[in-house]
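# Architecture at a glance
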Amino acid sequence: MPWTALNTAAYRLWYRARSRRGRGPLPVDAPPPERPRVLFLAWGRIGDTVLSTGILKHFRAAFDGCEIVCAGRPEVRAVVAPHVDRYLPFDAVPRGPWAAVVTDVHFFYGGVHALGGLVEALDAQRVLVYEGYHLGPGLAPSRPYPANAEVVSAAAGAVHVLDHGAHHLEETLHRLGVDAEIADARPDLRVDAGAPSDVVAWQPASNNRKKDWPMERWREVLAAFPDTRFVALGAAASREAVEALGLAHVENRCGATTLREAMSVIAGAAGFLGPDSGLTHVAACLGRPTVCVGQNANLGTFFPYPDAYGFDNLRAVFHEDYRACAGCFMTCRHEPIALTWLKGAKCLRELPAGPVIEAVRAHLPAAAAAP
């Protein structure tokens, strides 16, 4: 039976329940600033924030003479620090005054619930939030935007968040009366590259199990390239699973690097292999040959990138039998949503190792010579 209607209803109930959560933290008192300040709220996680640098990199020129402050999750600091004057965790944001407050394009999805009280309590001349990118019909019926916010309408027809980010930047600056020349909204990731090497960096799992490919499939792929050196990166939670693979040509550094160190390894690597995750965005935006193993649920929203941005180094592998399911955002028509949340996307669970092995052999130079 098609599960779409039931799964959508379950999603809507969950979304409404989350809307009733607390809306803190509240801003803190601080001395008045010496010059006008602009606050950028980076609600997204690592990959989301990597893509948001396409907006943030323009702020210093657009708001000349202002202090550019970013508030976000602790783990994204290394991504945004080169673009701002100051970085703060959410619970350390001063009350103000702020010349402007601008949110990233992901703020509508979770940020309005977690930080609505913070935004409403800020002493800000203007607050601009993005309406949000498409989640499928009826999936986000309730978005309690902060009462003091102006909502920037979503870009008509846009699918990828990079296109949404470019539209958000253009419309935001227009509303604020800022005359700025925007050449492009390509992400700008600045990393101290490690020593060049012939290793292929690999992230076995994301922070969202619905996006994770089964570990036994990863083993098939890595075992197909016994003469290629792989280095596993990511959270400590993946360390035991990588050890259990028992592959001598895989160096396990899961949980042993900071984000900055992991980005440095990727910058020097011959290529990268991973799921729809933050480090995969890092690798793609650093120009490394990258193979992404993705689910069809949000095909085109995060991976692959739009052709207009010129990321020829990125190759995304999806299950061709489920291409018609693109855009379901995990409200699968083939199974209950609870099963998807517990085991991951069906289209990803059933993706065989063969297409990924072919993509690695064709796209990653370090593995191309493997027999």
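Everything that follows concerns the structure shown earlier in this document.
Notes on the structure in this doc start here.

The rules we used
- Residues numbered from 1 in each chain as written.
- Predicted model: local features only at pLDDT ≥ 70, side-chain atom pairs only at ≥ 80, totals over all residues.
- Heavy atoms only, no water.
- Helix = DSSP H or I, 4+ residues; strand = E, 2+ residues; numbered from the N terminus.
- Rg over C-alpha atoms; globule rule 2.2 N^0.38 Å.
- Buried < 20%, exposed > 50% of the residue type's maximum accessible area, 1.4 Å probe, protein only.
- Areas by Shrake-Rupley, 256 points an atom, 1.4 Å probe, with all protein chains shown as cover.
- Pairing = 2+ DSSP bridges.
- Axes fitted to C-alpha atoms, helices over the stretch in contact; angles between N-to-C directions.
- Parallel < 35°, antiparallel > 145°, perpendicular 65-115°, else oblique.
- Left-handed = near helix turned anticlockwise from the far one by under 90°.
- Contact = heavy atoms within 4.5 Å.
- Nonpolar A, V, L, I, M, F, W, Y, C, P; charged D, E, K, R; others polar.
- Disulfide = S-S within 2.5 Å.
- Core = buried A, V, L, I, M, F, W, Y, C linked by side-chain atoms within 4.5 Å.
- Lys, Arg positive; Asp, Glu negative; His and termini not counted.
- Salt bridge = Lys/Arg side-chain N within 4 Å of Asp/Glu carboxyl O.
- Polar contact = N/O pair within 3.5 Å; in protein donor to acceptor, adjacent residues only side chain to side chain.

## Overview of the overall build of the chain
Each helix and strand counted, the chain has 15 helices and twelve strands in total. Against the 2.2 N^0.38 benchmark of 21 Å for 371 residues, the chain shows a C-alpha radius of gyration of 21 Å, consistent with a compact globule. Oriented by its inertia axes, the alpha-carbon framework of the chain measures out at about 65 × 55 × 35 Å. Taking all 371 residues of the chain together, the buried fraction comes to 56%. In the form shown here, the chain has an accessible surface area of approximately 15,700 Å², with 51% of it arising from carbon and sulfur atoms.

## Examining the sheet that holds strand β9 (residues 250–252)
Read across the open sheet, the six strands follow the order β9-β8-β7-β10-β11-β12; overall the sheet is parallel. Taken across any chain shown, the strands that pair with only one partner, and hence form the sheet edges, are β9 and β12 (314–317). If you compare each strand with its neighbour and ignore which way they point, the axes differ by 20° on average. Sheet topology places strand β7 (residues 200–202) next to strand β8 (residues 230–232); three bridges connect them, and they run parallel. Looking at the pairing, V200 lines up with F230 of β8.

## Side note on the packing of helix α8 (residues 215–223) against helix α14 (residues 353–363)
Close contact between α8 and α14 brings their axes to 9 Å; oriented N to C, the two are set at 40°. Classified by the interaxial angle, the pair formed by α8 and α14 is oblique. Crossing handedness for the pair α8 and α14: right-handed. Residues R217, E220 and V221 of α8 touch α14, and the partners they reach there are A353, V356, I357 and V360. Of the residues assigned to the contact of α8 with α14, the class counts are five nonpolar, no polar and two charged.

## Section: the sheet that holds strand β4 (residues 100–103)
Strand order in the open sheet formed by six strands is β3-β2-β1-β4-β5-β6, and the pairing between neighbours is parallel. Of all the strands in the sheet, just β3 (86–89) and β6 (150–152) have a single pairing partner and so form its edges. Here the strands of the sheet are splayed against their neighbours by 25° on average, with no regard to which way each runs. Where β4 and strand β5 (residues 127–130) come together, two bridges link them in parallel fashion. Bridge pairing in β5 places V101 opposite V127.

## Structural notes on the state of the cysteines
Applying the stated criterion across every chain yields a total of zero disulfides. There is no disulfide at C285, and the cysteine sulfur nearest it, in C292, is 12 Å away. In this structure C285 comes out as buried when scored by relative accessible area, which is 11%.

## Let's talk about helix α2 (residues 46–56)
Burial analysis of α2 places ten of its eleven residues in the buried class, the great majority of the element. Along α2, the positions that sit buried rather than exposed are G47, D48, T49, V50, L51, S52, T53, G54, I55 and L56. Taken together, the buried residues of α2 touch β1 (37–42), α3 (59–62), α4 (77–80), α7 (161–175) and α11 (278–285).

## Description of unusual backbone geometry
Among all residues save glycine, negative phi is the norm, and among peptide bonds the norm is trans. G96 connects to P97 through a cis peptide bond whose omega is 5°. The phi dihedral of F329 is positive, around 50°, even though this residue is not glycine. Structurally, F329 can be placed in the loop between β12 and α12 (337–343). When its relative accessible area of 15% is taken as the criterion, F329 is described as buried. Even without glycine at this site, M330 takes up a positive phi of about 75°. Structurally, M330 is set in the loop between β12 and α12.

## A few points about the nonpolar core
F40, F59, F63, L233, I266, L279 and Y305 are the most contacted members of the largest nonpolar core, which has 62 residues in total. Here L233 is in contact with A201, W202, Q203, P204, R253, C254, T257, A262, V265, I266 and L279, once residues within four sequence places are set aside.

## What about the side chain of R37?
As for its position among the elements, R37 is in strand β1. Nearest to the buried, unbridged R37 among oppositely charged side chains is E67, at 4.6 Å. Within the structure, R37 has its side chain in polar contact with the backbone oxygen of G96 (distance 3.3 Å). Leaving out residues up to four positions away in the same chain, R37 has contacts with E67, V69, R86, P94, G96, P97, W98, A99 and A100.

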